[in-house]
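Coordinate inspection notes
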Amino acid sequence: MSLLRSPAGRAGRRSGDRGHTPPARRDPPAPLPATARTGPVGWAHDLLLGMRFAAGGGREGWIRTALTAVGVALGVAVLLLGTSVPTLMDSWHGREKARENLGQLHPPAPADDTILYASTNTVFHGEQIRGRLIRPDGAHPPVPPGIDRLPGPGRMMVSPALKELLDAPGSALLRARLDYEVAGVIRAEGLRGPAELTYYAGSATLNSPRAYRIDHFGKEYEPRPMQAPTVLLVVMTCVALLMPVMVFLGTSVRYGNERRERRLAALRLVGADVPTTRRIASGEALFGSLLGLAGGAGLFLGGRQFASVVTLWDVNVFPADIAPSPLAAALIAVLVPAVSVVVTLFAQRGITVEPLGVVRHRPPVRRRLWWRVLLPLVGALLLVPMSAEQAWTDTPLNTLRLTAGSVLLLFGVTALLPWLVDAVVGRLRGGPVPWQLATRRLQLNSGSATRAVSGITVALAGAIAIQMLLTGMKTGYADAYAQSARERPDAGIMGSVDSWQQAERALTALRATPGVTDVRGTVDASFGELGHARPDDRFGSLAIGSCAELRKLAALPSCRDGDVFRTGFDAKGKNFTPGMAIDLNPQFMADLPASPRPWKIPPDIPTARLLSPGFGPGNHSYDLLATPSAIDLARFDHPFMDLEVNYDHADPDTVERIRNSAARVDPTMYEHSEVDNPHDAQISGVRDGLFFGSVVVLLLIGAGLVISTVEQLHERRRLLSALDAIGTRRATLGWSVLWQTAIPVALGLGLALGCGLALGSLLLAMIDSAVMVDWAVVVGMTGVGGVVILFVTALSLPPLWRMMRPEGLRTE
Amino acid sequence: MTPPGSLLEARTLHKSYGPTPALDGADFTIHPGEVVAVMGPSGSGKSTLLHCLAGIIRPDSGTVRYGEHNLTTMNDARRSALRRSDFGFVFQFGQLVPELTCVENVALPLRLAGAKRAAAEARSLEWMERLEVAEIGAKRPGEVSGGQGQRIAVARALAGAPRVIFADEPTGALDSLNGERVMALLTEAARDTNAAVVLVTHEARVAAYSDREIVVRDGVAREMAGTV
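Just so you know, these numbers come straight off a predicted model, no measurement behind them. (Residues numbered from 1 in each chain as written. Chains lettered and ligands numbered in written order. Predicted model: local features only at pLDDT ≥ 70, side-chain atom pairs only at ≥ 80, totals over all residues.)

The next point concerns the overall build of chain B. When helices and strands are counted, chain B shows seven helices and 10 strands. When each of the 228 residues of chain B is scored for burial, the buried share is 52%. Pairs at least 24 residues apart make up 70% of the contacts formed inside chain B by residues separated by at least 6 positions. (Helix = DSSP H or I, 4+ residues; strand = E, 2+ residues; numbered from the N terminus. Buried ≥ 20, exposed ≤ 12 C-beta atoms within 10 Å, placed from the backbone. Contact = placed C-beta atoms within 7 Å.)

Here it is as structure tokens:
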């Protein structure tokens, strides 16, 4: 029975005899009563003892604890951030829902508590600005969250970010566009995020066709589902960031294992049994992980303060939004320390700490390939069919398949690496002495090196795959924009209209804008076949414009004001023939009653062939063309002007001036073609962030490698001194350290490249993009791997030189 | 230059570790083919003397001459080169590289001196045969007994055809039978190659294999009465 578990009986006997001891003789002190601790109490005692050892481990012990804590802290911070995403999105969407109501299905009648409300969204230098124009019908209008009362006509309430932008020196054109007096600032509850650019402006002239009448703010709506590439990117980013963190978490709690085992041998010598020593070892790891847990919480709380400056996929939130659910936080708080204990116990399954040292009773096992291949194989089997499908669709099952497939593929890399290192180094023979020392060392025990490197491998593989996906997305967007630029006008502007004269005024204003080279515009409206209660697909479209404007759309035989033309465009099987009665106010939805406004297509109208018939950008699908006098615009339900503007791109402010001209005509007009490609900067930002994250992970893993290398050197202090004594050059051992790091890292990099390229290709196939490799990123990542090797070697050399001193030979 | 006939000579060596003197004016001389036992109690400075003689450490003062070389003025690289080419070492615990096989361990000094692998290992096997450990050449040090390991260490010390072998408590970790066997093989091989052996020990039975005994006490080396 060990001293730590000595029976209480002997102590009791001794204390009972104490009264009979002769006073002249000094008895040895009676042993302290000891009670065998079992169960949870025993566990707690041993873990606490281990924690005390870790805390009292001196400078080196603290360095190891600190590194474990840093690794765990990083993991915890990422986990907390990951589990905050649902809360974050709920808060974000919640504020959006609470403040919005762009139209009610059954608009209320004008009343004391109703308002006219219109969107005046605009863009300034690529920044989206949300604008709302408000005109109260009475004295008690609804007020959106974030402001106490509605701004009066000519005044506006602005978000802090917009106020800052308006006050900036380069914002003169924006100030001209939003020509309202700033009456106040919108509070946080009325904003989606701190960086949001938004305003509410008061109007005295806003009228019905341009605005919705509402009696409350807050609208039930489902947020738009993300686009497939974005979902892929989000899922992959989570997987690629969390996987190395998990691997690192597992690795970091094993730092200092060998030193710890030696210390535990001393405990065995004084009577601790094997399970006790294992629990004490777990207690040491637990100490580091608890510190890491606290550090991670601090890192998370500190890091989220920077949330306001980060905008990803248009999502920008307040620091307070980034909060994990209490259940998730509790799970992290419990599971992370538990993982550290389990991992440490697991790491010790093959060794026994004996009183005179550590016995590794498991002979070097031959690593089996079959189950290691099985993991990435199953992952690939899940992903390949998805990449072969026509187009990736965002369904829960697909997301699950994608996540599971990616995790298995990446985890498979970590499982394959030890086998690969064993298989490769096992075949290495000969070579110079440093090479031989390194390869032999790896042949003997490659476990600790591959454990650390597997973190690098999984981080790199994930990063390469994501970088490929981003490159594909970026190229796809760039191609789409290039295509769009070829086919579309430079800018398209739409807006409600009451009369053709109003459209003409807009055309004139745009043509007068400096830098504009060409403007085309018509008033467009829809009509249906008369007599159909629910016309479904039987809508027609009509363009109203001057002969000059209509000639830009179609080849007109001749044209005078009052003429109507049929185009003969019949792509949907519609057959609006001359003389046919049509409805200018068709019923678009079953529960939206509309009173018919019949109009007869004049008989004997000529046919005008559309110049670009068809659907999509740059094409037109009008059924009828009409000159302004031919039809009364007021008879249509929602006629709108469709203006297309081409301009000289040399001056970046031209587009801003065009927007100003449009806003002066009617602030509710909006662009329907995107001039700026926001994806470029967004994707570049994500790529830069990802690259930075990968570098940080790699350097952190590099720090772990340094620790394990220095520990290994420390263990071999006497041998190193002996090697120095027999004349071994420092360079020889320095090179052996470099090779010892370089071989597993190089193999890990190779595996990461293979897996990353394969996963990236599958992901690109899922978004129907051509497989393209961003070699700059691959070279950059490989370069970082090389830097890690040099970093580890360079930091290992000073201790190596120190341990080669002859003091190591002294036995006394 | 060493005195005529002597191979390695030290004069008035002083070496302190912090405030503690390890050598306090120690003298030492050894001739080719001679086996000199350096004896003394623990902490007397025997190992420090051996390290100074081998050029592993530099004394604070005094000189160590080996042939034409003054080890006390040579830089670290040249002393390392000399240790590779002219000296051999046997340590108490063998200090074999655990990941190399026994034959690779024996070949290590030769390879460090620039020999090709095959030639170095062939030469090593010859020594291993002579020391009766050829059959364990492919094993790693962790897989052989203490006595075998120490014989591998002796083979490593001899493989480079050194002119001086420094043996620091070479039998300290062995039982008496294995210790005797190692000592017999070491001294016999040294005599055959005319190599001098500086043998640090505190065991009289080990010192008995020497031609001459020197006692180090309080950092001063004295010739034992009655030895040659």
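Having seen the model, we can carry on.
Residues and elements named next belong to chain A. At their nearest, the axes of helix 19 (residues 730-766) and helix 20 (residues 775-803) sit 9 Å apart, and the two run at 155 degrees to each other. Here helix 20 runs roughly antiparallel to helix 19, going by the angle between their axes. Crossing of helix 19 against helix 20: the hand is right-handed. Between helix 19 and helix 20, the residues in contact are Arg730, Leu733, Gly734, Val737, Leu738, Thr741, Ala742, Val745, Leu749 and Leu753 and Val778, Thr782, Gly785, Val788, Ile789, Val792, Thr793, Ser796, Leu797, Leu800 and Trp801, respectively. When its residues are assigned to classes, the contact of helix 19 with helix 20 shows 14 nonpolar, six polar and one charged. (Axes fitted to C-alpha atoms, helices over the stretch in contact; angles between N-to-C directions. Parallel < 35°, antiparallel > 145°, perpendicular 65-115°, else oblique. Left-handed = near helix turned anticlockwise from the far one by under 90°. Nonpolar A, V, L, I, M, F, W, Y, C, P; charged D, E, K, R; others polar.)

All names here are of chain A. Within the fold, Gly296 resides in helix 8 (residues 274-303). For the pair Gly296 and Gly71, spaced 225 residues apart in sequence, the C-alpha to C-alpha distance is 9.1 Å. Apart from residues no more than four positions distant in its own chain, Gly296 is found in contact with Val72, Ala73, Gly75, Val76, Ala77 and Leu80.

Before going further, it helps to spend a moment on the nonpolar core. Core analysis: the largest hydrophobic core is formed by 185 residues, its most contacted members being B:Val38, B:Leu49, B:Leu53 and B:Val198. The element contributing the most residues to this core is helix 19 of chain A, with 17 residues. The residues contacting B:Val38, other than those within four sequence positions of it, are B:Lys46, B:Leu49, B:Leu50, B:Val198, B:Leu199, B:Val200, B:Ile214 and B:Val216. (Core = buried A, V, L, I, M, F, W, Y, C linked by C-beta atoms within 7 Å.)

Here we take up helix 19 of chain A. The terminal C-alpha atoms of helix 19 of chain A lie 53 Å apart, and with 37 residues this matches the ideal 54 Å at 1.5 Å per residue to within 8%. Where helix 19 of chain A terminates, the next one or two residues include A:Asp768, which has phi positive at roughly 55 degrees. (Expected span 1.5 Å × (residues − 1).)

The strands that make up a sheet are held in pairs by hydrogen bonds between backbone atoms, and each pair lies either parallel or antiparallel. Residues and elements named next belong to chain B. If you walk across this open sheet you meet the four strands as 2-1-4-5, and the pairing is antiparallel. Looking at which strands have only one partner, the edges of the open sheet turn out to be strand 2 (20-30) and strand 5 (69-70). As judged from the eight bridges shared by strand 1 (residues 8-17) and strand 2, these two strands associate in the antiparallel manner. Directly across from Tyr17, in strand 2, lies its bridge partner Thr20. (Pairing = 2+ DSSP bridges.)

All names here are of chain B. Within the open sheet, the six strands sit side by side as 6-7-8-3-9-10. Their pairing is mixed. Because the sheet does not close on itself, it has two edges, and the strands there are strand 6 (87-90) and strand 10 (220-223). Direction aside, neighbouring strands of the sheet carry axes that sit 20 degrees apart on average. Alignment of strand 6 against strand 7 (residues 164-168), held across four bridges, turns out to be parallel. When the sheet's bridge partners are listed, Phe87 is paired in strand 7 with Val164. Strands strand 3 (35-39), strand 7, strand 8 (196-200), strand 9 (212-217) and strand 10 of the sheet are contacted by helix 1 (residues 46-53), whose axis makes an angle of about 150 degrees with strand 8.

A few words on the interface of chain A and chain B. At the junction of the two partners, chain A supplies 22 residues and chain B supplies 25 residues. Secondary structure elements with two or more residues in the side of chain A that touches chain B: helix 12 (433-444) and helix 18 (717-725) of chain A. Among the residues making up the side of chain A that touches chain B, the classes are represented as nine nonpolar, seven polar and six charged.

All names here are of chain B. Strand 8 sits mainly inside the fold: five of its five residues count as buried. Neither face of strand 8 is left uncovered, since the one carrying Ala196, Val198 and Val200 and the one carrying Val197 and Leu199 both have all their residues buried. In terms of strand pairing, strand 3 meets strand 8 through four bridges, oriented parallel. In the strand pairing of strand 8, Val35 is matched with Val197. Crossover handedness for the path strand 7 to helix 6 (residues 176-193) to strand 8: right-handed. (Right-handed = clockwise from strand over helix to strand, strands pointing away.)

For the rest of this paragraph, the subject is the environment of A:Leu409. Residues and elements named next belong to chain A. Residue position: Leu409 is located in helix 11 (residues 396-427). Separated by 31 residues in the primary sequence, Leu409 and Val378 have C-alpha atoms spaced 7.7 Å apart. Setting aside residues up to four positions removed in sequence, Leu409 forms contacts with Pro376, Gly379, Ala380, Leu383, Cys755 and Leu759.

Each turn of an α-helix holds 3.6 residues, which means side chains three or four residues apart point in the same direction. Counting buried positions along helix 3 (residues 102-112) of chain B gives 11 out of 11 residues, so the element sits mostly inside the fold. Of the residues making up helix 3 of chain B, those classed as buried are B:Cys102, B:Val103, B:Glu104, B:Asn105, B:Val106, B:Ala107, B:Leu108, B:Pro109, B:Leu110, B:Arg111 and B:Leu112. Structurally, helix 3 of chain B contributes buried residues whose contacts are with helix 12 and helix 19 of chain A together with helix 2 (76-86), helix 4 (117-130) and helix 5 (146-159) of chain B.

With that settled, the discussion passes to the confidence of the model for chain B. Residue and element names in this part refer to chain B. Averaged over all residues, the pLDDT of chain B equals 88, while 96% of them reach at least 70. Of all secondary-structure elements in chain B, the lowest mean pLDDT belongs to strand 10, at 83, while strand 4 (residues 61-66) reaches the highest, 94. Interface confidence for the predicted complex, expressed as ipTM, amounts to 0.80; the pTM equals 0.64. (pLDDT = per-residue confidence, 0-100.)

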